[in-house]
Amino acid sequence: MYFSKPQNVIMIVLLVILTYLVVLPLVSIVLDTFKVHSSELMRIRGANVGDFTLYHWKGVFTGRFSSYIFYKPLWNTLLVATVTSIIALSIGGFLAWLVTRTNLKYKKSISTLIVFPYIMPSWTLAMAWLDFFKNERIGGAQGLFTALTGIVTPDWFAYGFFPIVMVLGLHYIPFAYILIGGTLRNMDANLEEAAVILKTPRLRIIRKITIPIVMPAMLSTLLLVFSSGMSAFAVPAFLGSPVRYQVLTTQLFRTLNGVNPGYGYLIGLFMIGVGTLVLTINQILLGKRKSFTTVTGKSSNISLINLKKARFSISIVILVALLLVTVIPLGVFAIQSFLVEPGNYHLSNFSNIFWVGKGSPDIANGEPGILRNKYIYMALWNSFALSLLVALIAGSVGILVGYAVVKTRGKPLSSLLDKLAFFPYLIPSMAFSATYLSLFAVRRGIIPPLYGTFLILVLIGSVKYLPFASRAGITSLLQIGKEIEEAAIIFGVPWWKRMFSIIIPIQKPSFLSGFLLPFISSMRELSLYILLVTPSTQVLTTMLFKYNQKGWTQYANAIVLLIVVVVLLSNFIINKVTGASVDKGIGG
């Protein structure tokens, strides 16, 4: 009997649920690009809500304002993604090479500091850049850099393209470092060692041996960072909005919150297509990685390049640069959160009003300090509750996906479930959010409208982070021999008891990471939730965005510090509980 086996029941149930939560939103967003929406009736004369129209497609791709609506943001997006990839790949790859192939000092400290920006939300660096480099012409007050040096930063340096690519590049340097460094550490060093014995020049070894071997990792890094750069929202919103520098994500947010939601749905659909294409190419490249393996067997230890007299100075320069990127921003946030008048750094201007003040009518409409603000506590509770529920659902479903996929491996439905569980990873967060807005904004059969409810945040968070948990589940269950469970079946042990008494305890650390990764990701998420929150369902990140948009930067900086503390504390607990560390194995 097909349904007498628990893995078959789980697989069918999950296929139905994931089809509803992953495939139907995509169908809905496609249909919404051909419909007239209520807010568009003034523009599409004579039409009724729900009528078929090509208005959005013509407007976005061939209309009079298509350059402003689509092509210019698209060009900006491609430029930002390309330059970000180059910055991350060149600096991250170079640092990985220094750590793995030279006798650089302080490798462990450097390795830990390099991954720090990746643990932090990307927009923290964007906020720090604004606090440090903003100018009075556009920012309304001078930044810390101008206050310290007297040099007024030019607009191009403080806002727009340049700071966006710098911040995104810095954020993704750890990504390149981890991927390329891991390949360098694990690759067989015999070829390089043989070349050294034959007295081949170092540059020739790098060009002819090292780079070709790590090329798949470099290409993979390039594509993943490019895709991430294309889907970035918070950084362009913080640094680009003051000078109206639009990319596709900010244009998507603007149109969906304006009078042209159809344009937003179409831009979201385009982003899903590009994201899927880029990451599919990456999967193909990963699949071909075996063709670059030239030597088998245990790697030998390669002799490290001696940096000689430059060893100490290079190590110090790198350490100082990393401290500037990781520690200084936190200090800037703290200083800015105590300034009554932005840009005035005299001691008399410092106050704790934005932390514990009751609120003053002449400051931010009497908004109380964040530690006395009930809305901040509500957002903090929402963030915790949301992340906890997302982690529990994504982690539990991830284990079930792993069980069903591994136990029915090789069957078409098993492969379909695996792909369906991974597909949300390919969709940019903002575009994925647009698909849920499209599907759940109105009643669908027996499902009532979910927009504005806490449930829609839980659903989209759980589905978006399911790929993390399902990968952990599949990998863990592949490592467990089937004989263990078969022995329990012979003794008549029921399925639920086999899971809780045998399977889960054996791979507890791996399963735990499937719960904890979604928790941390959800705590720092902004672009996934920003379109779906309402005043009663605000989370900390959306509150931060709201305060920043209003120009209440002191409150925003205080909230940033609060989020950073929560994220770092959560990450610390993860490392202690699971022993997992992203930099493990690279820094030595």
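Being a predicted model, the structure only gives us computed values, none of them experimental.

1. A closer look at the overall build of the protein chain
A tally of helices and strands in the protein chain yields 27 helices and zero strands. Taking 2.2 N^0.38 as the reference for a compact globule, 588 residues should give roughly 25 Å; the C-alpha atoms of the protein chain span a radius of gyration of 26 Å, in line with that estimate. With the C-alpha coordinates of the protein chain rotated into their principal frame, the extents come out at 70 × 70 × 50 Å. Taking all 588 residues of the protein chain together, 52% fall into the buried category. Counting contacts in the protein chain only where the partners sit at least 6 residues apart, residues at least 24 apart contribute 74% of the total. Per element, the accessible surface of the protein chain, about 27,100 Å² overall, is 68% carbon and sulfur. The positive charge centre, built from 48 side chains, and the negative charge centre, built from 18, are 6 Å apart in the protein chain.

2. Quick notes on the pattern of salt bridges
Under the criterion given, the structure shown has four salt bridges. Notably, a salt bridge pairs Arg 471 with Asp 418, separated by 2.2 Å at the nearest N-O pair. Residue Arg 471 is found in helix 22 (residues 466-478), and its partner Asp 418 is found in helix 19 (residues 412-422); the two are separated by 53 residues along the sequence. Overall, the relative accessible area of 33% leaves Arg 471 in the partly exposed class. We classify Asp 418 as partly exposed; its relative accessible area is 22%.

3. Regarding the nonpolar core
With 133 residues, the main nonpolar core has Leu 417, Tyr 436 and Tyr 529 as its most contacted residues. It is helix 18 (residues 374-407) that contributes the most residues to this core, eleven residues altogether. Leaving out residues up to four positions away in the same chain, Tyr 529 has contacts with Leu 386, Val 390, Leu 457, Ile 460, Gly 461, Tyr 465, Ser 522, Val 539 and Thr 542. Core analysis: the next-biggest nonpolar cluster, separate from the first, contains 26 residues, Leu 89, Leu 98, Val 99 and Tyr 177 among them.

4. Examining helix 1 (residues 6-32)
Helix length check: helix 1 (27 residues) gives 38 Å between terminal C-alpha atoms against 39 Å at 1.5 Å per residue, within 8%. In the structure, helix 1 departs most strongly from a straight axis at Thr 19, where the bend amounts to approximately 35°.

5. Here's the deal with the packing of helix 4 (residues 107-119) against helix 15 (residues 310-326)
The axes of two packed helices give the description: the angle between them and the distance between them. Contact geometry for helix 4 and helix 15: axes closest at 9 Å, N-to-C directions at 30°. As summarised for this structure, helix 4 and helix 15 are arranged roughly parallel, according to the angle between their axes. You can see that helix 4 and helix 15 cross each other, and the crossing is left-handed. On helix 15, the residues touching Ser 109, Ile 110, Leu 113, Ile 114, Phe 116 and Pro 117 of helix 4 are Ser 315, Ile 318, Leu 319, Leu 322, Leu 323, Val 325 and Thr 326. Here the contact of helix 4 with helix 15 is composed, by residue class, of ten nonpolar, three polar and no charged.

6. With respect to the packing of aromatic side chains
A full pass over the atoms with the stated rule returns 36 aromatic pairs. When the ring of Trp 129 is compared with that of Phe 133, the centres are 4.8 Å apart and the planes differ by 55°; the resulting orientation is tilted. Linking Trp 129 with Phe 133, this pair stays in helix 5 (residues 122-133), spanning four residues, or about one helical turn. Considering the side-chain rings of Tyr 547 and Tyr 555, the 5.5 Å spacing of their centres and the 50° angle between planes classify their relative orientation as tilted. Note on accessibility: Tyr 547 and Tyr 555 belong to one class, buried. Each member of the aromatic cluster is reached from another via a ring pair, and the members are Phe 34, Phe 52, Trp 57, Phe 61, Phe 70, Tyr 71 and Phe 270.

7. A word on unusual backbone geometry
Positive phi, close to 55°, is recorded for Tyr 106, a residue that is not glycine. Summarising the element assignment, Tyr 106 is placed in the loop between helix 3 (66-101) and helix 4. Exposure remark for Tyr 106: the relative accessible area of 35% places this residue in the partly exposed category. Phi is positive for Arg 244, close to 55°, though the residue is something other than glycine. Residue classification places Arg 244 among the exposed positions, given a relative accessible area of 74%.

8. Things to note about helix 18
The end-to-end C-alpha distance of helix 18 is 49 Å, a good match for the 50 Å that 34 residues give at a rise of 1.5 Å each. With a side-chain oxygen positioned 2.8 Å from the backbone nitrogen of Tyr 375, the residue opening helix 18 is Asn 373.

9. So, the environment of Ile 119
Structurally, Ile 119 is set in helix 4. According to the relative accessible area criterion, Ile 119 is buried, its value standing at 17%. Between the C-alpha atom of Ile 119 and that of Ile 520, which follows or precedes it by 401 residues, the distance is 9.1 Å.

10. Quick word on the confidence of the model for the protein chain
Segments scoring low in pLDDT should not have their predicted coordinates read at a detailed level. Confidence along the protein chain averages 86 in pLDDT terms, with 94% of residues attaining 70 or more. Highest mean pLDDT in the protein chain belongs to helix 21 (residues 454-464) (95); lowest belongs to helix 10 (residues 190-197) (78). Counting interchain partners and residues more than four positions distant, the pLDDT-below-50 stretch residues 290-298 has eleven contacts. Scored below 50 in pLDDT, residues 582-588 makes 22 contacts in the model with residues more than four places away or belonging to other chains.

Conventions adopted
Residues numbered from 1 in each chain as written. Predicted model: local features only at pLDDT ≥ 70, side-chain atom pairs only at ≥ 80, totals over all residues. Heavy atoms only, no water. Helix = DSSP H or I, 4+ residues; strand = E, 2+ residues; numbered from the N terminus. Rg over C-alpha atoms; globule rule 2.2 N^0.38 Å. Buried < 20%, exposed > 50% of the residue type's maximum accessible area, 1.4 Å probe, protein only. Contact = heavy atoms within 4.5 Å. Areas by Shrake-Rupley, 256 points an atom, 1.4 Å probe, with all protein chains shown as cover. Lys, Arg positive; Asp, Glu negative; His and termini not counted. Charge placed at Lys NZ, Arg CZ, Asp CG, Glu CD. Salt bridge = Lys/Arg side-chain N within 4 Å of Asp/Glu carboxyl O. Core = buried A, V, L, I, M, F, W, Y, C linked by side-chain atoms within 4.5 Å. Expected span 1.5 Å × (residues − 1). Bend = angle between axes of the 7 residues up to and from the residue. Axes fitted to C-alpha atoms, helices over the stretch in contact; angles between N-to-C directions. Parallel < 35°, antiparallel > 145°, perpendicular 65-115°, else oblique. Left-handed = near helix turned anticlockwise from the far one by under 90°. Nonpolar A, V, L, I, M, F, W, Y, C, P; charged D, E, K, R; others polar. Phe/Tyr/Trp six-rings, centres within 6.5 Å; stacked < 30°, edge-to-face > 60°. Polar contact = N/O pair within 3.5 Å; in protein donor to acceptor, adjacent residues only side chain to side chain. pLDDT = per-residue confidence, 0-100.

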